[in-house]
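The residues making up each chain are set out below.
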Amino acid sequence: GLQGGQDLILTKPLGIGVITTAIKAGTVDDESLEGAINSMERLNDVASRVAVSAGATGATDVTGFGLLGHLGKMTKASGVNAVLHVDQIPFLPAARQYVEDGIVPGGTRRNLAWIADQVDEGSFSEIDLLLLADAQTSGGLVFGVDQDKSSDVCAELEEQGVIAALIGETDAGEGKISLR
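S.K.: Let's hear about the overall build of the protein chain: which residues, and what values?
M.R.: For the protein chain, the helix and strand inventory stands at 8 helices and 7 strands. Computed over its C-alpha atoms, the radius of gyration of the protein chain comes to 15 Å, within 12% of the 16 Å expected for a compact globule of 180 residues. For the protein chain, the spread of C-alpha atoms along the principal axes amounts to about 45 × 35 × 20 Å. Counting all 180 residues of the protein chain, 51% fall into the buried class.

Next comes the structure, spelled out in structure tokens:
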């Protein structure tokens, strides 16, 4: 249901898979643990109501296939491309550091291998790609809204306690994702 010319909104930070892997490895710090638990406990009910109210035409939760995997499936099914602004994508505290330290779930690596042919990674590193492909548990939503509504949607989500970010946009295409 995504359409060209829409903005993409994400409603939770990424990094749950990395943090839960750090828990299993016994290396997680208290701030990261608390951030992951708070994120997983937050439901998507408010975010889904706001998305529907704003006229979102395509939406999914970001779970086991990570942001890249779920967005890749959406773009192919919708006949659009997506451009992600990596610096605008929120991550849980310390997620990047854990990936830099080699703490990465096996599922995240499989996700990246599965979606790699759809992604123009630009100048981004494997660490960035792994974070974007990180398998989430109880992840947020990613959805498309008309560009003239995205600021209001993000403001309404923030007002209601949802961490929201405008992370990119769509255009006509064949299901590719470009990182900028």
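S.K.: Can you break down the packing of helix α1 (residues 16-25) against helix α2 (residues 30-41) residue by residue, with the values?
M.R.: At a minimum axis distance of 10 Å, the contact between α1 and α2 shows a crossing angle of 130 degrees. Put simply, α1 runs oblique to α2. Seen along the crossing, α1 lies across α2 with a hand that is left-handed. Touching Ile 16, Ile 19, Thr 20 and Ile 23 of α1 are Ser 32, Leu 33, Ala 36, Ser 39 and Met 40, all from α2.

S.K.: Before we move on, can you summarise the side chain of Thr 21 with the specific residues and values?
M.R.: By secondary structure assignment, the location of Thr 21 is in helix α1. For Thr 21, the contacting residues outside a window of four places in its chain are Ile 103, Val 104 and Pro 105.

S.K.: How would you explain the environment of Ile 89 if you had to name every residue and give the values?
M.R.: Structurally, Ile 89 is set in the loop between β3 (80-84) and α5 (95-100). For Ile 89, a relative accessible area of 6% translates into the label buried. Ile 89 sits 46 residues away from Leu 43 along the chain, and the two C-alpha atoms are 19 Å apart. Once you skip the residues sitting within four places of it in the chain, Ile 89 turns out to touch Leu 10, Leu 14, Leu 67, Leu 84, Leu 132 and Ile 167.

S.K.: Explain the sheet that holds β3 to me, using residue names and the numbers behind them.
M.R.: One open sheet holds the 7 strands; their spatial order is β2-β5-β1-β6-β3-β7-β4, and the pairing between them is mixed. Bordering the open sheet on either side are β2 (58-61) and β4 (119-120), each of which pairs with just one other strand.

S.K.: I'd like a rundown of the nonpolar core, residues and numbers included.
M.R.: Within the largest apolar cluster, 38 residues are counted, with the highest numbers of intra-cluster contacts made by Leu 67, Leu 68, Leu 84, Ile 167 and Leu 179. When sequence neighbours within four positions are dropped, the list of residues in contact with Leu 179 reads Leu 68, Leu 84, Val 86, Val 119, Asp 120, Glu 121, Gly 122, Phe 124, Leu 129 and Leu 132. Val 50, Ala 51, Val 153 and Cys 154 belong to the second-largest nonpolar core, a separate cluster that totals 14 residues.

S.K.: Could you give an account of α2, with specific residues and numbers?
M.R.: Structural remark: α-helix, 3.6 residues per turn; residues separated by three or four positions point the same way. Relative to the 16 Å expected for 12 residues at 1.5 Å per residue, α2 spans 16 Å between its end C-alpha atoms, a close match to the ideal helical length. The set of residues buried in α2 consists of Ser 32, Gly 35, Ala 36 and Ser 39. The arc that holds every buried residue of α2, seen down its axis, measures 95 degrees, which confines them to one face. Turned more than 90 degrees away from the buried face of α2, the exposed residues are Asp 30, Glu 34 and Glu 41. The inward-facing, buried residues of α2 contact α1 and α5. The N-cap of α2, judged by a side-chain oxygen 3.1 Å from the amide nitrogen of Glu 31 a few residues on, is Asp 29.

Reading guide: rules and limits
- Residues numbered from 1 in each chain as written.
- Predicted model: local features only at pLDDT ≥ 70, side-chain atom pairs only at ≥ 80, totals over all residues.
- Heavy atoms only, no water.
- Helix = DSSP H or I, 4+ residues; strand = E, 2+ residues; numbered from the N terminus.
- Rg over C-alpha atoms; globule rule 2.2 N^0.38 Å.
- Buried < 20%, exposed > 50% of the residue type's maximum accessible area, 1.4 Å probe, protein only.
- Axes fitted to C-alpha atoms, helices over the stretch in contact; angles between N-to-C directions.
- Parallel < 35°, antiparallel > 145°, perpendicular 65-115°, else oblique.
- Left-handed = near helix turned anticlockwise from the far one by under 90°.
- Contact = heavy atoms within 4.5 Å.
- Pairing = 2+ DSSP bridges.
- Core = buried A, V, L, I, M, F, W, Y, C linked by side-chain atoms within 4.5 Å.
- Expected span 1.5 Å × (residues − 1).
- Arc of directions from axis to C-beta.
- Polar contact = N/O pair within 3.5 Å; in protein donor to acceptor, adjacent residues only side chain to side chain.

It is worth stressing that arrangement in space is one thing and function is another; only the former is reported here.
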